[in-house]
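These are the residues of each chain, in order.
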Amino acid sequence: MIPLPGYDEGIARAPLLFLLGAVFTALALGDREMSPSAAGAAASLMCLGILLLFSGRRPARFLSYCLALFFLAFFCSLFSLWRVQSFSVSRGRVLDGGEVILERPWGSSRVAVVDGGSGRYLLRLRPDQSVMEGETLTFAGEAVPFRARGDSSFREDLYWRARGVTAEVIPDELLSRREGRFSLPDIRTALRRNILLNLPPATRGYLLAAFLGVRDPSLADDHRTWGTAHLLAVSGFHVGLAAAAAWKILSLGALRRRLSFRGRILAASVLLWAYALLAGGAPSALRAALMVQSVLLGYVLGRKGSPLNAVSLAGLLLLLWRPEWYADLGWRLSVTAALLLSALAERGAGWRTALAASPLVWLATYPQTAAAFGVVPLSGIVVNMVALPVFAFLYPFAALLSIPALAGLPGGYFLAGAAEGLFLLWQWAADTLTSFIPWSLSWSPAAAAAGSAAFLASLAFGLFRPGLRTFGGALLLLLAGMILF
Amino acid sequence: MKKGFFSDPKFQGLAFLALGLGCFLLAGLLVFFFSGRFVDRPSGATAGPALSITAPVDKPSGPPAGEVSPPAPEPPETKEWVLYITGGVASPGVYSLPPGSRVHNLVDAAGGLLPTADPVKVNLAAPLADGVHVHVPLAGEDGGKNDIPAPSAPQDSGFLRPPAIPGGSGGGAVRVNTASLEELQRLPGVGPAIARAILEYRTQKGRFSTLQDLLKVKGIGPKKLESLRDHVDLR
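Under an unreviewed UniProt entry, the name given to chain B is Helix-hairpin-helix DNA-binding motif class 1 domain-containing protein, and the organism recorded is bioreactor metagenome.

Right under this line is the structure:
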């Protein structure tokens, strides 16, 4: 095995972070109508420049590793850009059928994603056209290019392509039937129905979000006001909780005796992926599952990995699988927050890190959230400090209390009522906290620059020794980012 | 031993600094000269397997292959839907909800179901539309006076058109709440006796709100219900 140089320096700690940065930069440059080769070369040069500028310790063969990373970054960038830019939709009439794997509101209409025999299709439906996940649809219609929105920077085509959709179809013939097969969408629909019918309102909304990634509109409004909307999207927080719960269960006396360490890791991995897919396979969930999986593999191999490298690996694999994720707000926010928290963790976890985490994540994600939603509530900084430990307890506890009601056991509704009371108590507490900080920050270039600076500085100080070189490099990177993007 | 230029840490540091800045400069030049120069030309390749293109299915007026059909008609966009809910909820009344809401959102807005409400007789997952009235029946109450939008009529767009019944005269599902004796007999496995039983049930007990209501008809068991499922329209 090739020994890596300088064990406490950037390239040795998290080489994949530089690769991720290069591929992301190349995809963003591709949006500026640069050719794949030029965008790939520019992004790889930036990656090489960062390594040369930041690295204070340069042991033997440092330059060779840097050049190897440079060429790898170039080829990964080229591959990703080629995949994004070579996509096109053949117009024509389509007759196909398959299972509905996703159904959701979309603007003033509803959409369904159907896994057809010859591709995955997006069907745009009217609000009165009712289709449920798990149903089998046969459809005929015209395949058309994805719609472009003139009034928004949102790229609808990339959003759906990141979810594997190959074409949008306007159906003029639609035939639905339920086959009662045992499939993931069927399980999702059955669980959704069970939760909707058997749990009280707040518990219902929270468990729908945690288990199925379905957002309750009124809860979503509340959480947007509190600045904790991420709690309703299946994120690293939820996946981490699921992984911790799985590991706890697998470590219970009887199971611990029956299963070897590797067996428990394998079982935990299966449960982890089952949860991530049941919850809808959102980018944040997939990213977190990949990250936790790499940590679990590290345990099996007896190698303690770097958190930054694990997050980078997850983000990079998603980009190489479907490069369109780079434009997805969920992917961006998830990777930004996870990278920042991992960078803080590289310097050790303590009460100072815990206190700094919430404001730094708020600041680092501000440029993207403000650009997407217009305003970002300041209360989120404080409410998140309380919300994360509260929900780390509330989610598993409410899930446990809801099991009897979901299983249809007598008295189950009253047990779920206890969870409901706790959720209502949380809502009261969050409202009270928000009433002390009722202000929101709208989009401002200065605040966005501060957010980007906080993010880059956290990464730089997580990977490199604090000093003038690191500070200057972060500043240069910020300037380059502001000029380029 | 004579030290080379790159062996001296001081000069080495300067050299790497210069190389790093040079990389940034070169990257900047590339961006400056190549931005906006590349027009994305579709290669003509189809992402994924080729789409299956066929002639229109029983839609002779459909557009020919290769032409883009006009988008499906959409209702006028509204920022909020105004909805009315009555019956077994904590606070019946008129509520405003975002477009795309479903019945359970409206029920939640109205304070949730009362303990006396019958959750089986209202489809909480049903989609809503602006201006609808939803009535949640109480336990023991017959049906519900709902104008939750049903899928559009088959003759309009063919949407959710159930499969043609083998041997049926015109194809399509049978509306068990309005069908005549003769129409009911178009259902698979339904003869004159069961059709009469359906009519009698409808006269005495009212509309069939759910498919399960058909189980209350003499002669229809779970197995028959399964065979009827795809051929029955409850509107």
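A.B. asks: Outline the overall build of chain B, listing residues and values.
C.D. replies: Of the regular secondary structure elements, chain B holds six helices and five strands. The order of helices and strands in chain B, counted from the N terminus, is α-β-β-α-β-α-β-α-α-α-β. The 235 residues of chain B split such that 36% are buried. Long-range contacts, defined as pairs at least 24 residues apart, comprise 36% of the intrachain contacts of chain B with a sequence gap of at least 6. Approximately 13200 Å² of chain B is accessible, and the part contributed by carbon and sulfur atoms is 61%.

A.B. asks: With reference to specific residues and values, describe a nonpolar patch on the surface.
C.D. replies: Residue and element names in this part refer to chain B. A grouping of Leu25, Leu26, Leu29, Phe32, Phe33 and Phe34 is seen on the molecular surface, where their side chains present a nonpolar patch of about 640 Å² in accessible area. Mapped onto the fold, leucine 29 is located in helix H1 (residues 9–34). A relative accessible area of 41% means that leucine 29 is categorised as partly exposed.

A.B. asks: Quick one: what's the story with the nonpolar core, residue by residue and with numbers?
C.D. replies: Residue and element names in this part refer to chain A. If you look at the biggest cluster of nonpolar residues, it comprises 77 residues, and the most contacted ones within it are Phe18, Leu308, Leu319 and Leu339. When we break this core down by domain, the ones giving at least three residues each are domain 1 (10–86 + 445–484) and domain 3 (225–442). With residues near it in sequence (within four places) discarded, leucine 308 still touches Ala14, Leu17, Leu339, Ser342, Ala343, Glu346, Leu459 and Leu463.

A.B. asks: Please set out the pairing of strand S5 (residues 167–177) of chain A residue by residue, giving values where relevant.
C.D. replies: A regular strand places its side chains on the two faces of the sheet in alternate fashion. Residue and element names in this part refer to chain A. Counting buried positions over the eleven residues of S5 gives nine, a clear majority of the element. Pairing of strand S3 (residues 119–125) with S5, which is carried by three bridges, proceeds in the parallel orientation. Directly across from tyrosine 121, in S5, lies its bridge partner alanine 167. Relative to S5, strand S4 (residues 136–144) runs antiparallel, the two sharing nine bridges. Looking across to S5, one finds that valine 144 is bridged to glutamate 168.

A.B. asks: I'd like a rundown of the packing of helix H9 (residues 236–250) of chain A against helix H16 (residues 379–406) of chain A, residues and numbers included.
C.D. replies: Residues and elements named next belong to chain A. Remark: H9 packs on H16, axes separated minimally by 11 Å, with the N-to-C direction vectors making an angle of 50 degrees. Taken together, the axis directions place H9 and H16 in an arrangement best described as oblique. In the packing of H9 onto H16, the handedness of the crossing is right-handed. Between H9 and H16, the contacting residues are Phe237, His238 and Leu241 on the first element and Leu388, Phe391, Ala392, Tyr395 and Pro396 on the second.

A.B. asks: Outline the pattern of salt bridges, supporting the account with residue identities and numerical values.
C.D. replies: All names here are of chain A. Following the criterion strictly, the structure yields 14 salt bridges over all chains and no others. As a salt-bridge pair, arginine 93 and glutamate 142 come within 3.9 Å of each other at their nearest N and O atoms. Of this pair, arginine 93 sits in strand S1 (residues 92–106) while glutamate 142 is found in strand S4, placing the two residues 49 residues apart along the sequence. The class for arginine 93 is buried, based on a relative accessible area of 1%. For glutamate 142, a relative accessible area of 1% corresponds to the buried category.

A.B. asks: Talk me through the sheet that holds strand S2 (residues 93–97) of chain B; I want residue IDs and the actual numbers.
C.D. replies: Residues and elements named next belong to chain B. Taken in spatial order, the three strands line up as S2-S1-S3 in an open sheet, and their pairing is mixed. Two strands in the sheet have a free side with no partner beyond their single neighbour: S2 and strand S3 (133–136). Geometrically, the sheet is characterised by an average inter-axis angle of 30 degrees between neighbouring strands, direction not taken into account. As paired strands, strand S1 (residues 81–87) and S3 are joined by four bridges and run parallel to one another.

A.B. asks: Got a sec to walk through the side chain of A:Glu99? Specific residues and values, please.
C.D. replies: The topology assignment puts A:Glu99 in strand S1. Separated by 2.4 Å, the side chains of A:Glu99 and A:Ser183 make a polar contact.

Conventions used here
- Residues numbered from 1 in each chain as written.
- Chains lettered and ligands numbered in written order.
- Predicted model: local features only at pLDDT ≥ 70, side-chain atom pairs only at ≥ 80, totals over all residues.
- Heavy atoms only, no water.
- Helix = DSSP H or I, 4+ residues; strand = E, 2+ residues; numbered from the N terminus.
- Buried < 20%, exposed > 50% of the residue type's maximum accessible area, 1.4 Å probe, protein only.
- Contact = heavy atoms within 4.5 Å.
- Areas by Shrake-Rupley, 256 points an atom, 1.4 Å probe, with all protein chains shown as cover.
- Patch = residues over 30% accessible without salt bridge, like charges linked within 9 Å, V, L, I, M, F, W, Y side chains within 5 Å.
- Salt bridge = Lys/Arg side-chain N within 4 Å of Asp/Glu carboxyl O.
- Core = buried A, V, L, I, M, F, W, Y, C linked by side-chain atoms within 4.5 Å.
- Domains from an automatic or database assignment.
- Pairing = 2+ DSSP bridges.
- Axes fitted to C-alpha atoms, helices over the stretch in contact; angles between N-to-C directions.
- Parallel < 35°, antiparallel > 145°, perpendicular 65-115°, else oblique.
- Left-handed = near helix turned anticlockwise from the far one by under 90°.
- Polar contact = N/O pair within 3.5 Å; in protein donor to acceptor, adjacent residues only side chain to side chain.

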